[in-house]
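One letter stands for each residue in the lines below.
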Amino acid sequence: MTNDRNRLRRWVIQAKLVTSSPMRVRTGEVEVSEQRRKNDEPVETATIATDLDGKPYIPATSLKGVLRAHLIEMLRNGASLMDYSAHVRSLFGDLPTEGELDDGRAVQISRGGCAEFSDARASMASEFSTEVIGRTSIDPTTRAAAFSKLRQGRELCPGAPLDLEVILDRASCEEAALLVRLFTEASTLSFGSGAGSGSGDARLSDVTLGVFGRAEVEAWLARRSDEETSEASAASALSWRTFLRMRSIEDLVVSDAAFASVWADFDKHGKPFGRPAAVDIDLDIHFDGPFILGATEDVEGTEEKGANSKPRQTFTRNGGPVLPGSSVRGALRSCAARIHRIVHQVDPQEMEGDGNPFEVLFGSTARRGAITVSDFLPKKGTDLERRTVEMVAIDRFTGGAAGKLKFAAEVLLSPVFSGRISIAVGALGAELTGKKSPFSPGAIEPPGPAALGLALLVARDLKELDITFGAGRTKGWGGVSGIDWSASVVGAVGDETLAKMLDVLVSSEGADEMKQATCDEALRAYRDFSPVPVAERKADA
């Protein structure tokens with residue numbers, strides 16, 4: 001433990017956040033354009049958070065929440081979980097606790113964290129771009145676009161740099177080093193909506209740390225502005241930041257003995273962080289015949305010559321088609337819902353109960369799901385063949401072509417898309433945060449036998465090519481001719497039984513007797529799961 005005098009220091013952590021996938025941090029506001037829909041309603045576009053200069057930013061509240069959750073999740077998978085619980089509470093604060101005054105009156109005693117987060121903003125010289133993308137909800141029954149669910153939203157494109165700063169007041173060397181360690185170990189963070197579907201990823205880089213200690217304070221106090229110095233330059237000269245020198249972690253380890261001691265202690269006992277336990281499944285999806293995932297923006301001039309429905313484009317600077325993670329996740333979710341209805345004879349949304357396997361895997365409005373899906377991009381080294389297909393609607397009464405209903409679509413012929421599906425098996429624990437129970441809203445509930453049984457059934461349908469993607473699935477488009485499957489268990493799973501189930505899930509070879517028995521156990525647990533339907537629970541109440 002370092003000397004308490006080190007708590008008199010002010011620590012400043014700075015880093016660069018660069019978006020690596022489309023990011024949408026919503027504000028609840030919309031832009032109304034002059035463009036009109038067919039029903040004469042104005043087109044509304046959901047906005048992203050921007051400052052007064054129109055530059056995008058990530059609110060400090062989002063940064064604090066994401067960093068705190070990521071820190072706890074990585075600590076839970078490290079060698080020493082509880083050793084750092086007091087540091088986590090000191091950095092990020094704690095919930096109010098019951099206490100009493102000297103006269104015996106009960107009060108709520110709260111504690112704020114010593115870490116002060118600022119909004120992550122784009123610098124004045126940084127370049128960024130945004131795109132407006134349309135989305136639609138898919139009706140689970142008709143498997144077509146849901147009525148009145150077409151929406152548009154603005155997104156921040158990949159490659160946008162944002163500046164991040166955290167100031168620590170009265171923090172110990174251990175606490176400052178722990179937060180710096182998080183910045184250096186957590187290469188990728190996720191913000192905004194769609195974080196589980198390949199959106200909102202940003203990479204941390206250029207981490208530097210500044211110390212404003214006794215020597216810097218004395219130099220700051222000794223500085224006096226010159227009478228001839230302008231008021232603006234005098235204010236700048238008297239700012240404490242003038243005496244703050246940001247240094248790389250390597251330089252600080254050499255020049256600051258207290259910080260170097262803590263950093264060396266981390267290395268001596270092994271890193272306090274561990275990769276969150278998960279199953280990573282890398283897929284190459286080979287499509288059979290035409291594939292299209294048309295953009296859903298309102299398109300004018302549908303009678304114009306040429307394709308009016310083109311494959312959705314990625315938001316990388318190189319462009320190109322993409323199969324969004326949200327579409328892949330939706331197809332897997334639809335498959336799981338179909339299995340759930342067959343096995344339990346009820347829609348999964350109409351069921352309640354602790355450990356509902358459907359909600360554990362895919363989440364709900366109150367909980368994040370264990371499954372995360374990246375965007376699927378064209379496999380490197382494969383050629384994309386595009387073709388414009390002209391179609392016409394048939395009048396059901398005359399049997400001939402319906403008037404003014406001829407249209408065209410640009411399709412991809414037998415493309416191959418590559419991406420990753422991850423199943424997290426960690427949970428955010430209350431023993432470190434004091435704010436969330438393991439299965440509280442926002443936490444990741446570890447998949448138990450029943451949830452893994454459902455995951456096994458979905459994986460079976462995926463291997464048997466019983467899942468389609470994209471538009472025109474009822475017309476024979478979007479069919480899958482083959483899937484190359486490469487999966488592995490990463491991180492410390494911990495539970496031996498759970499590890500065996502995951503091994504069965506990712507095994508590409510024939511299962512031995514032990515693996516098969518574990519697989520049968522998971523399927524049996526899912527089949528025997530019987531939560532109470534919502535309607536029956538309300539009736540009993």
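The rules behind the values
Residues numbered from 1 in each chain as written. Predicted model: local features only at pLDDT ≥ 70, side-chain atom pairs only at ≥ 80, totals over all residues. Heavy atoms only, no water. Salt bridge = Lys/Arg side-chain N within 4 Å of Asp/Glu carboxyl O. Helix = DSSP H or I, 4+ residues; strand = E, 2+ residues; numbered from the N terminus. Buried < 20%, exposed > 50% of the residue type's maximum accessible area, 1.4 Å probe, protein only. Pairing = 2+ DSSP bridges.

Caption draft 1: Quick look at the pattern of salt bridges. Counted by the stated rule, this structure contains 14 salt bridges. Two residues, Lys 16 and Asp 163, come together in a salt bridge whose shortest N-O distance is 2.6 Å. In this pair, Lys 16 is assigned in strand β1 (residues 10–19) and Asp 163 in strand β11 (residues 161–169), connecting sequence segments 147 residues apart. For Lys 16, a relative accessible area of 24% puts it in the partly exposed group. Across the pair Asp 280 and Arg 420 runs a salt bridge whose closest N-O atoms are separated by 3.5 Å.

Caption draft 2: A look at the pairing of strand β22 (residues 416–424). Of all nine residues in β22, seven are buried; the element is thus mostly enclosed. Of the pairings in the sheet, the one linking strand β15 (residues 278–288) to β22 comprises nine bridges and is antiparallel in character. The residue of β22 that forms the bridge with His 286 is Val 416. Examined bridge by bridge, strand β18 (residues 371–373) and β22 share three bridges and lie antiparallel to one another. Paired with Val 373 across the strands is Ile 421, a residue of β22. Across two bridges, the pairing between strand β19 (residues 377–378) and β22 is antiparallel. Within the sheet, the bridge partner assigned to Pro 378 lies in β22 and is Phe 417.

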